[in-house]
Amino acid sequence: MPNQGFSPRPDPNHEPIQGPFNAIPPLVLALVLVLGGIEAVLSLADTGLLGGPTGIGWRITAIGDWGVSPAVLDRVLTGGGSDPWILSRFLTYVFVHASATHALFGVALLAALGKFVGEVMHPLGLLTLITGSAVGGALAFGVLIGPNLPLIGIYPVVYGLIGGFTYLMWMQLGQAGSSRYGAFRLIGALLAIQLVFGLLFGGDPSWVADLAGFIVGFVLSPLLAPGGWRGFVARMRRR
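Definitions and cut-offs
Residues numbered from 1 in each chain as written. Predicted model: local features only at pLDDT ≥ 70, side-chain atom pairs only at ≥ 80, totals over all residues. Heavy atoms only, no water. Helix = DSSP H or I, 4+ residues; strand = E, 2+ residues; numbered from the N terminus. Buried < 20%, exposed > 50% of the residue type's maximum accessible area, 1.4 Å probe, protein only. Contact = heavy atoms within 4.5 Å. Areas by Shrake-Rupley, 256 points an atom, 1.4 Å probe, with all protein chains shown as cover. Core = buried A, V, L, I, M, F, W, Y, C linked by side-chain atoms within 4.5 Å. Axes fitted to C-alpha atoms, helices over the stretch in contact; angles between N-to-C directions. Parallel < 35°, antiparallel > 145°, perpendicular 65-115°, else oblique. Nonpolar A, V, L, I, M, F, W, Y, C, P; charged D, E, K, R; others polar. Phe/Tyr/Trp six-rings, centres within 6.5 Å; stacked < 30°, edge-to-face > 60°. Salt bridge = Lys/Arg side-chain N within 4 Å of Asp/Glu carboxyl O. Patch = residues over 30% accessible without salt bridge, like charges linked within 9 Å, V, L, I, M, F, W, Y side chains within 5 Å.

**Student:** Just give me the short version of the overall build of the chain, but keep the residues and values in it.
**Tutor:** In terms of helices and strands, the chain carries 11 helices and zero strands. Going residue by residue from the N terminus, the α and β elements of the chain occur as α-α-α-α-α-α-α-α-α-α-α. Taken over 239 residues, the chain has a buried fraction of 40%. Put simply, 77% of the contacts in the chain that link residues at least 6 apart link residues at least 24 apart. If you sum the accessible surface of the chain, you get close to 12700 Å²; carbon and sulfur atoms cover 71% of it.

**Student:** I'd like a rundown of the nonpolar core, residues and numbers included.
**Tutor:** Counting 41 residues, the largest nonpolar core has Leu-110, Ile-154 and Leu-161 as the members making the most contacts within it. Counting residues per element, the ones that place at least two in this core are helix H1 (26-46), helix H4 (70-80), helix H5 (84-92), helix H6 (100-118), helix H7 (123-144), helix H8 (155-175) and helix H10 (207-224). Looking at which element gives the most residues to this core, the answer is H7, with seven residues. Discounting residues that sit within four places of it in the chain, Ile-154 has contacts with Leu-31, Leu-35, Val-94, His-97, Gly-106, Val-107 and Leu-110. Ranked by size, the runner-up nonpolar core spans seven residues in total, among them Val-120, Trp-170, Met-171 and Ala-225.

**Student:** Got a sec to walk through the packing of helix H3 (residues 58-66) against H5? Specific residues and values, please.
**Tutor:** Close contact between H3 and H5 brings their axes to 9 Å; oriented N to C, the two are set at 115°. Relative to H5, H3 is oriented roughly perpendicular. Residue-level inspection shows Gly-64, Asp-65 and Trp-66 of H3 in contact with H5, the latter providing Trp-85, Arg-89 and Thr-92. For the contact of H3 with H5, the class distribution of residues is two nonpolar, two polar and two charged.

**Student:** Quick rundown of the packing of aromatic side chains? Include the residues and the values.
**Tutor:** Aromatic ring pairs: the centre-centre distance and the angle between the two ring planes describe each pair. Evaluation of the coordinates by the stated rule reveals four aromatic pairs. Connected via pairs of aromatic rings, a cluster forms that spans Tyr-167, Trp-170, Phe-214 and Phe-218.

**Student:** Residue-level account of the environment of Leu-190, with values.
**Tutor:** With respect to the element layout, Leu-190 can be found in helix H9 (residues 185-201). Classification of Leu-190 as partly exposed rests on a relative accessible area of 22%. Here Leu-190 is in contact with Tyr-159 and Ile-162, once residues within four sequence places are set aside.

**Student:** Mind laying out the pattern of salt bridges, listing which residues take part and the relevant values?
**Tutor:** Under the counting rule described, the total for this entry stands at three salt bridges. As a salt-bridge pair, Asp-46 and Arg-59 come within 2.7 Å of each other at their nearest N and O atoms. With Asp-46 in helix H1 and Arg-59 in helix H3, the pair connects residues that are 13 residues apart, well separated along the chain. The partly exposed category is assigned to Asp-46, whose relative accessible area is 32%. Across the salt bridge formed by Glu-119 and Lys-115, the nearest N and O atoms sit 2.7 Å from each other. Shared partners join several salt bridges into a network, and the residues in it are Glu-39, Asp-46 and Arg-59.

**Student:** A description of a nonpolar patch on the surface should follow, citing residues and the corresponding values.
**Tutor:** Together, Val-41, Leu-44, Leu-49, Leu-50 and Trp-58 give the surface a local cluster of nonpolar side chains, amounting to about 440 Å² of exposed area. Tracing the chain through its elements places Val-41 in helix H1. Judged by relative accessible area, Val-41 falls into the partly exposed class, the value being 37%.

**Student:** Please provide a residue-by-residue account of the side chain of Ser-69, values included.
**Tutor:** With respect to the helices and strands, Ser-69 occurs in the loop between H3 and H4. Those residues within four positions of Ser-69 in sequence are excluded, and the remaining contacts are Phe-141, Asn-148, Leu-149 and Pro-150.

If you want it as structure tokens, here you go:
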């Protein structure tokens, strides 16, 4: 029977000491390595060290080929829904970033949050959370953003993991008899930082996808946490 609690799967009294990479769930580690490899190629191309003069345009081409935008959603809704390449954009956009710094922060957050959530959730649950938040963020961006701007980057997935983290913390705080509202401090702080940066440097519509990713992650987590729906119902009955 699945574990109904939220303690990490590894037992520190029996598991051997692991290196930092071994501690990261394989799915998250694979995603980190793929993202890092793609960004390394694009960063080298930006400097002309890879691909020569044509390499400088590789990032722009990748954004055009992999990014998702309101136009992509319009095409799906008007008959392009059977085109696998068009549909794949709702996932491929997470693999390309605007710059090395943009990718670095995203990958660092992905590794940290993925480790925490992945220690509690089953790998299939973690995959569902990552995929759902990516697609949910892209759909929200396509529906709510008017300008034909491309959405790129891993951040909707990161916010989806924050949603999972928030739910797990919400349950832990409740079990400890503490105020559950403390679980929302992280998302509150991040949204406040985004608001400040938006006021200082101009708004970035990608926050719509980030917020949607968080909502999807938070909503899916009761089903994906240990015990699934039965575990969730049992936990609610014990309240």
